[in-house]
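# Reading the structure
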Number of protein chains: 2
Amino acid sequence: MAMVSIDLDMKRVTNEEFLKKANDCMPVLKETLVHPSAIVKIQDNESSYPDVSIVDSAEHLSDYPMKKGDKLYLDFGGHQVGYVTLRLSSTGSPQDSPAYFRLKFGEIAREMEERSQDYDGWISQSWIQEEFIHIDVLPAELKLPRRYAFRYMEIEVIDTSLKWQMVVDEVACTSVSAVDTASVQPFQTQDELLQKIDRAGIRTLQNCMQRVFEDGPKRDRRLWIGDLRLQALANYATFRHYGLVKRCLYLFAAQTREDGRVSACLFTEPKLVADDTFFADYSLFFASILLDYYEETKDIDTLCDLAPCAYRQVELVRQMFDERNLIQGEGSTTNMWCFIDWTEGLDKQAAAQAVYIYCEKRAQKIAEILGDAATADDMSTDLSLKSEAAFRHLWDNEKQLFVSGTHRQVSYASQVWMVLAEVVDAEAGGKLLDRVTALNPEKGMVSPYMNHHFTEALLMCGRKEKALEYMKFYWGGMIRLGADTFWELYNPQNPSESPYGSSIVNSYCHAWSCTPAYLLRKYF
Amino acid sequence: MAMVSIDLDMKRVTNEEFLKKANDCMPVLKETLVHPSAIVKIQDNESSYPDVSIVDSAEHLSDYPMKKGDKLYLDFGGHQVGYVTLRLSSTGSPQDSPAYFRLKFGEIAREMEERSQDYDGWISQSWIQEEFIHIDVLPAELKLPRRYAFRYMEIEVIDTSLKWQMVVDEVACTSVSAVDTASVQPFQTQDELLQKIDRAGIRTLQNCMQRVFEDGPKRDRRLWIGDLRLQALANYATFRHYGLVKRCLYLFAAQTREDGRVSACLFTEPKLVADDTFFADYSLFFASILLDYYEETKDIDTLCDLAPCAYRQVELVRQMFDERNLIQGEGSTTNMWCFIDWTEGLDKQAAAQAVYIYCEKRAQKIAEILGDAATADDMSTDLSLKSEAAFRHLWDNEKQLFVSGTHRQVSYASQVWMVLAEVVDAEAGGKLLDRVTALNPEKGMVSPYMNHHFTEALLMCGRKEKALEYMKFYWGGMIRLGADTFWELYNPQNPSESPYGSSIVNSYCHAWSCTPAYLLRKYF
């Protein structure tokens, strides 16, 4: 299913003052020089995830002169985001032809086995981190101009000539991030799996923290508001880099659609451009991120500046409700009016109703803090109407579950968001989650993003043991498959699933998966 | 047949003084900015050479936004050697993925239809002028760091995304050469084909004249002594860039094998390295090039400096003769002891005997000019022995032709070189050439290099009409197939022949084919 939003007629308005404030918070990236730890072998083992074994120390790299067809796999010992340099030379007779080789970068070993020529997914093949390079004259230092997200690197010589071989004298990566881990205390536990989960969460967040909070440093490398909300929460529990959150809030407010609607994501290079993709939930989250930021920092100036933008999102999404106070997204031609999760065929009405309530509550609180009684009162009234409507129209008394849409679909998402929005109290919420878990409806959870919300809902309802068990099952599942950063997508039932038609373009260090670092610190 | 010489034990000696003199003559390259003249279509027509037709002016390039799979072919109006820059942008929704595209450069339209993935020849695939490029952020100016030799350029978009298309706003080539054609008068003739032959010869030479006389700017891009000899002659008749010839002579003398043997070719980047390939004829030509240079320039200092190197080549090759004064190359494991031509199975003994005589005569003349009577006398004596031996052992009285090797093979090459070496006089030579032409022996001529020697032999014997007819047949044949520079290889019987197992790596602007510009001016 191609999920693409295109609106070539979209008119954008820019607030230059906000843009300036955003750019004043531009972080200086910290650089770390990293060398590969080993030359490795990557071997298919008939599961979805190949075996990796050490062949030699990477210090012996230059002992492997490479001729046509020769390959080397390097392991950088952990997930890197950075700029790679190779020192190359030749051996044998004089270099009588250009060196021609292919470099491939993979976040996990599995990517190294996937062939880019077999890719036929619907998102761009250009995300595959592979380069074909000619070097006319050796020795040479090759500074690759692009940034890569990877742990593994493959060097395949396509051709030298019969007279000479290529020698890789050194490979190094200048890894970059807005933060370093020195300041972050590991989560205190004796449980090794939880230690690994925490470490991977922190590393995931760190490698997504660049000039903005990126969703994934491999792909799409840009600021999505749904990811930002979770990244900001994890950041408050770990790195506490407040400037980057502030920057991202100002960026979203700095360019909107002409009606003030905040885009689902934005681009910052070569200059700020708000995307022509809009999700109801994502726009609404602006209010929730802003309040979280204020509560963490007490930065009242930013709250003052950006509150109108937060209110405006509520106002705009309020227009999507019908006379029964039920949100309606079905009129849109795709299921893209609201994100919630990637689950195919998921009816999003109930969850969207709940997200609206969740965010309007936060917008209302902002209005209270700022002493804007009229706005606060208006929102209070509206909140009552929306909550009542949820109970009246979306509650199935027989099933004792929330249902969604005309087909009264049961899903995890609907229950989870009603809990998070506190439409039900903790006790009722706990039972709701127990029921949906027991029922295990067809419409499950696909993204770590949805799994995060499920876990946080459990924790809000005091289901600590169950939440911990689930984290060890879900995020621990990735760890057991070799992850040192968490993935964009992980389906325990189908570990090679991709929303893009091929897993080679999946992102394996993805912001919305970093939240164990937050959940463990907040609730344990 | 892979023709590769490898001698990893080769010891090289460097004469730093000669190297300095060579580098003092380093030319400053002239730059010319060239834009494509047209967007073209290249269509298979079931012959070896496709049709090219104009689609649109290249000024309208930006009217063709490119999505996944789209291709554009540009015609630069003539053969270029230079550095290409593209100005690129995007259209549609924001650029939500890197641009990924393939660029391919071809000297002739035929190359554009050959697929690099099908290449399985024995020389390096790295010569195929093709690049795969990712651009993360558009708009961008892409300055390709490598030099290309091409007339046609293909841009194929491998992927953008569903949201946006790539726009090529401008493509330009900074063409480079040590010379420009402004100073060269076209050969005066009413014959249009001859005008084109002359123009293509001059362009071929110009595009091979870079920091050294290259054999081909596409491949191998380096200084071969056999090519240098013909380039220097054509240069004297046209550009008269004496410094470049001087530079190349000093380069060959500046690094030799430890016994003083001049390599067949050398590399100048990143520093001077003489190759571990040696041909008897190529080493000997050092003497002939040196004398030609002196006769053209009267540069007695260079003659003094380099004469010992010229004598040494004669001395070293003299060791290859047996007690009958016949040269012996058969002891070598390959047919690579002497070049002469690419003709498969060609026995090179008679031609090599003649090349030795040709070059020793020139070395002897150098000795005379320098007043080195002992050397001159020694060579005179030797020349008589070698010429007598040629008549005694290589002349077939019945066939009235020179024969070569133990199988007494008849070939063009043997007759041609006996004529060029003036082993026979012009009258006898003329008859010899008439006989071999009438016989049309199985061992024909493959390279333009050999065809040049045949044509010059005809001219030396006063066969002007026949030579002109032959030039129009042979070099004119390339013109009729669309050439604007002359090719490394042209076989009128098999226009798609390649010595490398695939014509995609053939060079279509090749020094040794430029000689019509010399022959027309010298003999007409």
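Definitions and cut-offs
- Residues numbered from 1 in each chain as written.
- Chains lettered and ligands numbered in written order.
- Predicted model: local features only at pLDDT ≥ 70, side-chain atom pairs only at ≥ 80, totals over all residues.
- Heavy atoms only, no water.
- Helix = DSSP H or I, 4+ residues; strand = E, 2+ residues; numbered from the N terminus.
- Rg over C-alpha atoms; globule rule 2.2 N^0.38 Å.
- Buried < 20%, exposed > 50% of the residue type's maximum accessible area, 1.4 Å probe, protein only.
- Contact = heavy atoms within 4.5 Å.
- Areas by Shrake-Rupley, 256 points an atom, 1.4 Å probe, with all protein chains shown as cover.
- Disulfide = S-S within 2.5 Å.
- Salt bridge = Lys/Arg side-chain N within 4 Å of Asp/Glu carboxyl O.
- pLDDT = per-residue confidence, 0-100.
- Buried area = accessible area lost by both parts, 1.4 Å probe.
- Polar contact = N/O pair within 3.5 Å; in protein donor to acceptor, adjacent residues only side chain to side chain.
- Patch = residues over 30% accessible without salt bridge, like charges linked within 9 Å, V, L, I, M, F, W, Y side chains within 5 Å.
- Lys, Arg positive; Asp, Glu negative; His and termini not counted.
- Charge placed at Lys NZ, Arg CZ, Asp CG, Glu CD.
- Core = buried A, V, L, I, M, F, W, Y, C linked by side-chain atoms within 4.5 Å.
- Pairing = 2+ DSSP bridges.
- Expected span 1.5 Å × (residues − 1).
- Arc of directions from axis to C-beta.
- Least-squares fit on C-alpha atoms with pLDDT ≥ 70 in both.
- Phe/Tyr/Trp six-rings, centres within 6.5 Å; stacked < 30°, edge-to-face > 60°.
- Lys NZ or Arg CZ within 6 Å of the ring centre and 35° of its normal.

Attention now goes to the overall build of chain A. The helix and strand inventory of chain A stands at 14 helices and 15 strands. The globule rule puts the C-alpha radius of gyration for 524 residues at 24 Å, and the 24 Å found for chain A is close to it. Buried residues in chain A amount to 64% of all 524 residues. Partitioning the contacts of chain A with sequence separation of at least 6, the portion at a separation of at least 24 is 77%. When the accessible surface of chain A is totalled, it reaches about 19,500 Å², and 47% of it is carbon and sulfur.

Taken as a whole and judged by the stated rule, the model has 0 disulfides over all chains. Just so you know, C173(A) is unpaired, no disulfide at all, and the nearest cysteine sulfur is the one on C509(A), 13 Å from it.

The subject of this paragraph is the pattern of salt bridges. Pairs can form between side chains of opposite charge whenever their charged atoms are close. Within this structure, the stated rule accounts for 83 salt bridges over all chains. K21(A) is the partner of E17(A) in a salt bridge, and the nearest nitrogen-oxygen pair spans 3.6 Å. Of the two residues, E17(A) and K21(A) both sit in helix α1 (residues 16-24), 4 residues apart, roughly one turn of that helix. For E17(A), a relative accessible area of 48% gives the class partly exposed. The partner of E427(B) in a salt bridge is K431(B), with the nearest N and O atoms 3.5 Å apart. Here the residue E427(B) and the residue K431(B) both occupy positions in helix α11 (residues 426-439), the gap between them amounting to 4 residues, near one helical turn.

A few words now on the confidence of the model for chain A. Confidence in the prediction of chain A, expressed as mean pLDDT, is 96, and 99% of residues score 70 or more. Note on the complex model: pTM 0.97, ipTM 0.97.

Looking now at the interface of chain A and chain B. Taken together, the 48 residues of chain A in the interface contact 48 residues of chain B. For the chain A and chain B pair, buried surface summed over both sides reaches about 3,400 Å², with 56% attributable to carbon and sulfur atoms. Considering only the surface of chain A that becomes buried against chain B, H134(A), L162(A) and K163(A) emerge as the three largest contributors, covering 16% of it. Summed over the shared surface of chain A and chain B, the number is 10 salt bridges. Between D276(A) and K163(B) there is a salt bridge, with its nearest N and O atoms 2.7 Å apart. For the pair chain A and chain B, the interface holds 26 residue pairs in polar contact (both at pLDDT 80 or more). Going through the elements one at a time, β6 (99-106), β7 (130-135), β8 (140-159) and β13 (273-274) of chain A are the ones with two or more residues in the side of chain A that touches chain B. Among the elements that line the side of chain A that touches chain B, the one with the most residues is β7(A), at 4 residues.

Bringing a negative patch on the surface into the picture now. Residue and element names in this part refer to chain A. On the surface, D44, E46, D51 and E113 cluster together to form a negatively charged patch. Summarising the element assignment, E46 is placed in the loop between β3 (38-43) and β4 (51-57). For E46, a relative accessible area of 82% gives the class exposed.

The tendency in soluble globular proteins is for nonpolar side chains to be buried as a group. Residues F213(B), L223(B), Y282(B), F286(B), I340(B) and W417(B) are the most contacted members of the largest nonpolar core, which totals 150 residues. It is helix α8 (residues 349-369) of chain B that contributes the most residues to this core, 12 residues altogether. Beyond its immediate sequence surroundings of up to four residues, I340(B) is in contact with D281(B), L346(B), K348(B), A351(B), A352(B), V355(B), A413(B), W417(B), Y449(B) and M450(B). Judged by nonpolar contacts, the second largest core, of 146 residues, contains L205(A), C265(A), I366(A) and V410(A).

For the rest of this paragraph, the subject is the side chain of E360(B). All names here are of chain B. Within the secondary structure, E360 is located in helix α8. You can call E360 buried: its relative accessible area is 0%. Within the structure, E360 has its side chain in polar contact with the side chain of R318 (distance 2.9 Å).

Residue and element names in this part refer to chain B. Read from one edge of the open sheet, 3 strands run β10-β12-β13, paired in antiparallel fashion. If you trace the sheet from one side to the other, it starts and ends with β10 (223-224) and β13 (273-274), each paired once. In the sheet, strand β12 (residues 265-267) pairs with β13 via 2 bridges, with the strands oriented antiparallel. Bridging from a neighbouring strand, L266 pairs with A274 of β13.

Quick look at helix α9 (residues 373-394) of chain A now. Residues and elements named next belong to chain A. Taking 1.5 Å as the rise per residue, α9 with 22 residues should run 32 Å; its terminal C-alpha atoms sit 30 Å apart, in good agreement. Buried residues of α9: T375, A376, M379, D382, L383, K386, S387, A389, A390 and L394, and no others. The arc that holds every buried residue of α9, seen down its axis, measures 160°, which confines them to one face. The exposed set on the far side of α9, more than 90 degrees from its buried face, consists of A374 and R392. Considering only its buried residues, α9 is in contact with α7 (300-318), α8 (349-369), β14 (395-396), β15 (401-402) and α10 (412-420).

With that settled, the discussion passes to the pairing of strand β5 (residues 71-92) of chain A. Residue and element names in this part refer to chain A. Sheet topology places β3 next to β5; 3 bridges connect them, and they run antiparallel. Looking at the pairing, I39 lines up with L74 of β5. Sheet analysis places β5 next to β8, joined by 13 bridges and oriented antiparallel. Of the residues in β8, the one forming a bridge with D75 is Y152. In this structure, β5 lies alongside strand β9 (residues 164-177), joined through 11 bridges in antiparallel fashion. Note that in β9 the partner of Y83 across the bridge is T174.

Our next topic: helix α5 (residues 242-254) of chain B. Given 3.6 residues to a turn, an α-helix orients residues that are three or four positions apart in the same direction. Residue and element names in this part refer to chain B. End to end, α5 covers 18 Å across 13 residues, agreeing with the expected 18 Å (1.5 Å per residue, within 8%). Most of α5 is tucked away, with 10 of its 13 residues classed as buried. Of the residues making up α5, those classed as buried are L244, V245, R247, C248, L249, Y250, L251, F252, A253 and A254.

Time to look at the relation of the copies chain A and chain B. Each copy superposes on the other: chain A lies on chain B with an RMSD of 0.1 Å after a rotation of 180° and an axial shift of 0.1 Å. The transformation just described matches what one would write down for a two-fold rotation axis. Of every C-alpha in chain A, the one belonging to F132(A) sits nearest the axis of rotation, 3.0 Å from it.

Let us now look at the packing of aromatic side chains. The geometry of an aromatic ring pair comes down to the distance between the two centres and the angle between the two planes. Under the defined criterion, the tally for this structure stands at 69 aromatic pairs over all chains. Considering the side-chain rings of F279(B) and Y282(B), the 5.1 Å spacing of their centres and the 85° angle between planes classify their relative orientation as edge-to-face. Take Y282(B): its relative accessible area is 2%, and that puts it in the buried class. An angle of 50° between the planes, with centres 5.7 Å apart, marks the rings of F391(B) and F402(B) as tilted. Of this pair, F391(B) sits in helix α9 (residues 373-394) while F402(B) sits in strand β15 (residues 401-402); the two residues are 11 residues apart in sequence, bridging distant segments of the chain. According to the relative accessible area criterion, F391(B) is partly exposed, its value standing at 37%. Classification of F402(B) by relative accessible area gives buried; the value is 0%. Joined through ring pairs, the aromatic side chains of W122(A), W224(A), F279(A), Y282(A), F285(A), F339(A), W342(A), Y358(A), W417(A), Y449(A), Y500(A) and W512(A) make up one cluster. Taking the ring centre of Y49(A) as reference, the NZ or CZ of R110(A) above it sits at 5.2 Å. Seen from the ring of F278(A), R257(A) lies directly overhead, with NZ or CZ sitting 4.4 Å from the centre.

Before going further, it helps to examine the pairing of strand β7 (residues 130-135) of chain B. Residues and elements named next belong to chain B. Counting buried residues in β7 gives 6 out of 6 residues, a clear majority hidden from the surface. Alternating positions in β7 separate into two faces, E130, F132 and H134 on one and E131, I133 and I135 on the other, with burial throughout. Alignment of strand β6 (residues 99-106) against β7, held across 6 bridges, turns out to be antiparallel. Bridge pairing links Y100 to H134 in β7.

Another aspect to go through is unusual backbone geometry. Looking along the chain, the bond that leaves R219(A) and enters D220(A) is cis, with omega of 5°. Looking at the secondary structure, you find D220(A) in the loop between α3 (192-208) and β10 (223-224). In this structure, E46(B) is a non-glycine residue whose phi angle is positive, near 70°. Notably, Q400(B) is not glycine yet its phi reads approximately 60°, a positive angle. Positionally, Q400(B) belongs in the loop between β14 (395-396) and β15. Residue Q400(B) is classed as partly exposed on the basis of its relative accessible area of 29%.

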